[in-house]
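Architecture at a glance
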Protein chains: 2
Amino acid sequence: MKLGVLISGRGSNLQALLAAKKEERLPLADFRLAVSNKPDAPGLDIARSFGLRTAVIDGSKYRGRRAEHDRAIDQVLREHECEAIVLAGYMRVLGAEFIAGWRNRIINIHPSLLPSFPGLHAQRQALEYGVRTSGCTVHFVDEGTDTGPIILQRTVPVLPGDTEDSLAARILVEEHHAIVEAVALLSQGRVNIEGRSVRVSSGGRVG
Amino acid sequence: MKLGVLISGRGSNLQALLAAKKEERLPLADFRLAVSNKPDAPGLDIARSFGLRTAVIDGSKYRGRRAEHDRAIDQVLREHECEAIVLAGYMRVLGAEFIAGWRNRIINIHPSLLPSFPGLHAQRQALEYGVRTSGCTVHFVDEGTDTGPIILQRTVPVLPGDTEDSLAARILVEEHHAIVEAVALLSQGRVNIEGRSVRVSSGGRVG
């Protein structure tokens, strides 16, 4: 499965994916390129260090013209023959038209146990609410904010004295496992959407 | 700490508490009585089998007069010198006046990872949403529906083929652990509310 990865920042989930690929844990995932909406995203260097092509579709040049920005991203992904998209810390909202064009082919990783704490600053939301357990969720992207069908979730405890940073770091460790596992399942064709439920078919060993 | 337990049904969480008490795992919890809003709640027999006093404040005799029902419950709890209340599958909504009279002294157990899936049929809500992880939450009761400060949470996986019953049964096992642990902490005076966060102070061994 040919995959494009969208990033905005440090790209640690991209790094987890590329490291897993290098270690031959994702034999069926063919990463075609990383696309950043920010020209200075450190994740671009990570992509290059793994020999992955990069593209920058600078969001600041498309202010107020999201649909055009989306179309530029769509174009570069299709030029590279991508079949699915991984949002790995991509911080710009994708429009409904883009999402419809990639229906059930965009996955996102979110740092909470959805449906709790969708949207920005999920870790801060969790701390302010006072939950004892949080985690991360890999889900398909639909038109809502972090509302799409869930592929998998991993949990972490919220500990006494946690700050937003300490909780985010603990969740990030699980994100790296979760995104690799989700891309493995997806690339093996084992992820089936039924309504808003995701069924993961038990695959034999692949690769 | 003198405790009253409110039930409506089978009373399996009450049973977990009384069994833990019998096994001397809750040395500082002094269960004073179980109160049911239903005269035929099987939990009443469980209470009696452990030698616990019971009271029935029959909700059906107070239709449209919730405040009166609440006052009758309040009275019997105070007659038995209760200092705090455990809602163990209590299915009737308590009014704001009652809650204010027991501010930060009522705990409830809810079969989801709040704030996801508050209210009725939490397990069904979780299945319909398609989460991969659920669990239970012990929290203080405030005027909202399952919105009060969280004491602890325990997680369970949602498995392929789960029904409402199978998921509920898996969560219930964790509820029994969670309610005992929460009452242990509460009775040891180790649960401190700060805003909407709960701080659990590290206690030495008690009892």
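As a starting point, this report considers the structure included with it. (Residues numbered from 1 in each chain as written. Chains lettered and ligands numbered in written order. Predicted model: local features only at pLDDT ≥ 70, side-chain atom pairs only at ≥ 80, totals over all residues. Heavy atoms only, no water.)

1. Thoughts on the overall build of chain A
So the rule is basically this: For the purposes of this entry, the term helix denotes a DSSP run of H or I that reaches at least four residues, the term strand denotes a run of E that reaches at least two, and both are numbered from the N terminus. It is over C-alpha atoms that the radius of gyration is taken, and the globule rule equals 2.2 Å times the number of residues to the power 0.38. Accessible area is worked out with a 1.4 Å probe on protein chains only. A residue is then buried under 20% of its type maximum, exposed over 50%, and partly exposed in between. We get accessible surface area from the Shrake-Rupley algorithm with a probe of 1.4 Å; when it comes to residues, only the shown protein chains can shield them. Charged residues are defined here as Lys and Arg on the positive side and Asp and Glu on the negative side; His and the ends of the chain fall outside this count. Where a charge lies is defined by one atom per residue type, namely NZ (Lys), CZ (Arg), CG (Asp) and CD (Glu).
The helix and strand inventory of chain A stands at six helices and nine strands. Its C-alpha radius of gyration of 16 Å places chain A within 12% of the 17 Å reference for a compact globule of 207 residues. In terms of its C-alpha atoms, chain A occupies a principal-axis envelope of roughly 50 × 45 × 35 Å. For chain A, the proportion of its 207 residues judged to be buried stands at 53%. Just so you have it, chain A exposes about 9200 Å², and 49% of that area is on carbon and sulfur atoms. If the 26 positive side-chain charges of chain A are averaged to one point and the 24 negative ones to another, these points end up 2 Å apart.

2. Quick word on the sheet that holds strand β2 (residues 30-36) of chain A
Residues and elements named next belong to chain A. The condition is simple: Two strands pair under a simple rule: DSSP has to find at least two bridges between them. Only C-alpha atoms enter the line fits that serve as axes; for helices the fit covers just the stretch in contact. Angles between N-to-C directions range over 0 to 180 degrees.
Strand order across the open sheet formed by seven strands is β3-β2-β1-β4-β5-β6-β7, with mixed pairing between neighbours. Across the chains shown, the open sheet's two edge strands, defined by having one partner strand only, are β3 (54-56) and β7 (150-157). Along the sheet, successive strands turn relative to each other by an average axial angle of 20°, direction set aside. Across four bridges, strand β5 (residues 106-110) lies against strand β6 (residues 133-140) in antiparallel orientation. The residue of β6 that forms the bridge with His-110 is Thr-137.

3. Quick look at the interface of chain B and chain A
Definition in use: Here a residue-residue contact requires only that any non-hydrogen atoms of the pair lie within 4.5 Å. In short, buried area is how much 1.4 Å probe accessible area vanishes from two parts on joining, totalled over both. Just to be clear on terms, a salt bridge is a Lys or Arg side-chain nitrogen sitting within 4 Å of an Asp or Glu carboxyl oxygen. A 3.5 Å cut-off defines polar contacts: any pair of N or O atoms within that distance qualifies, except that in protein one atom must be a possible hydrogen donor and the other a possible acceptor, and neighbouring residues in sequence count only when both atoms are side-chain atoms.
If you look at the interface, chain B gives 24 residues, while chain A gives 24 residues. A buried area of about 1800 Å², summed over both sides, lies between chain B and chain A, and 47% of it is on carbon and sulfur atoms. The largest per-residue losses of area from chain B upon contact with chain A belong to B:Pro115, B:Tyr129 and B:Arg132, which jointly make up 37% of the total buried on that side. Across the contact surface, chain B and chain A share zero salt bridges. Counting across the interface, chain B meets chain A through 11 residue pairs in polar contact (both at pLDDT 80 or more). Listed by contribution, the elements that provide at least two residues to the side of chain B that touches chain A are α5 (122-129), β7 (150-157) and β9 (197-200) of chain B.

4. Some points on the packing of helix α1 (residues 12-22) of chain A against helix α2 (residues 42-49) of chain A
All names here are of chain A. As a reminder of what qualifies: Working rule for angles: under 35 degrees goes down as roughly parallel, over 145 as roughly antiparallel, 65 to 115 as roughly perpendicular, anything else as oblique. Lys, Arg, Asp and Glu make up the charged group, whereas Ala, Val, Leu, Ile, Met, Phe, Trp, Tyr, Cys and Pro make up the nonpolar group; the residues left over, Gly among them, are polar.
Contact pair α1 / α2: the axes reach a minimum separation of 9 Å and the direction vectors enclose 10°. Classified by the angle between their axes, α1 and α2 sit roughly parallel to one another. Note on element contacts: α2 touches α1 through Gly-43, Ile-46 and Ala-47, opposite Leu-14, Gln-15 and Leu-18. Its residues assigned to classes, the contact of α1 with α2 shows four nonpolar, two polar and no charged.

5. Some details on the relation of the copies chain B and chain A
Applied cut-off: Each copy is superposed on the other by least squares, with the fit set by C-alpha atoms of residues at a pLDDT of at least 70 in both.
For the pair chain B and chain A, the superposition axis carries a translation of 0.0 Å, the fit reaches an RMSD of 0.0 Å, and the rotation angle comes to 180°. In the structure described here, the two chain copies are related by an operation that fits a two-fold rotation axis. Among all residues of chain B, the one whose C-alpha sits closest to the rotation axis is B:Ser116, at a distance of 2.6 Å.

6. Observations concerning α5(B)
All names here are of chain B. Heads up, the rule is: By definition, the arc is the one covered by directions from the helix axis to the C-beta atoms.
For α5, the set of buried residues is Ala-122, Gln-123, Ala-126 and Tyr-129. Projected down its long axis, α5 shows its buried positions confined to an angular sector of 130°, all on one face. Gly-130, located one to two residues past α5, shows a positive phi value of around 90°.

7. Topic: the sheet that holds strand β2 (residues 30-36) of chain B
All names here are of chain B. Here we have seven strands laid out as an open sheet, ordered β3-β2-β1-β4-β5-β6-β7, and mixed in their pairing. One side of each edge strand has no neighbouring strand; the edge strands of this open sheet are β3 (53-56) and β7. Here the strands of the sheet are splayed against their neighbours by 20° on average, with no regard to which way each runs. Strands in contact with helix α6 (residues 164-187) are β1 (2-7), β2, β4 (84-87), β5 (106-110), β6 (133-140) and β7; relative to β7, the strand with the most contacts, it is inclined by about 155°.

8. What about the environment of B:Asp30?
Residues and elements named next belong to chain B. Positionally, Asp-30 belongs in strand β2. On the basis of relative accessible area, Asp-30 is assigned to the partly exposed category, the value being 31%. Along the backbone, Asp-30 and Met-1 are 29 residues apart, and their C-alpha atoms lie at a distance of 5.6 Å. If sequence neighbours within four positions are ignored, Asp-30 has contacts with Met-1, Lys-2 and Leu-3.

9. Points about α2(A)
Residues and elements named next belong to chain A. By the burial criterion, the buried members of α2 are Gly-43, Leu-44, Ile-46 and Ala-47. The buried residues of α2 occupy an angular sector of 160° when the element is viewed end-on, so they sit on one face. In α2, the exposed positions angled more than 90 degrees off the buried face are occupied by Asp-45 and Ser-49. Packed against the buried residues of α2 are β1 (2-7), α1, β2 and β3.

10. Observations concerning the side chain of B:Glu175
Residue and element names in this part refer to chain B. Following the sequence through the fold, Glu-175 ends up in helix α6. Despite its burial, Glu-175 remains without a salt bridge, the nearest opposite charge being carried by Arg-10 at 5.8 Å. Apart from residues lying up to four places away in sequence, Glu-175 is in contact with Asn-13, Ile-109, Pro-111 and Cys-136.

11. Points about the environment of B:Ala41
Residue and element names in this part refer to chain B. Tracing the chain through its elements places Ala-41 in the loop between β2 and α2 (42-49). On the accessibility criterion, Ala-41 (4% relative accessible area) is buried. Remark: the alpha-carbon pair of Ala-41 and Ser-8, spanning 33 residues in sequence, is separated by 5.8 Å. Apart from the residues lying within four places of it in its own chain, the contact partners of Ala-41 are Ser-8, Gly-9 and Ser-36.

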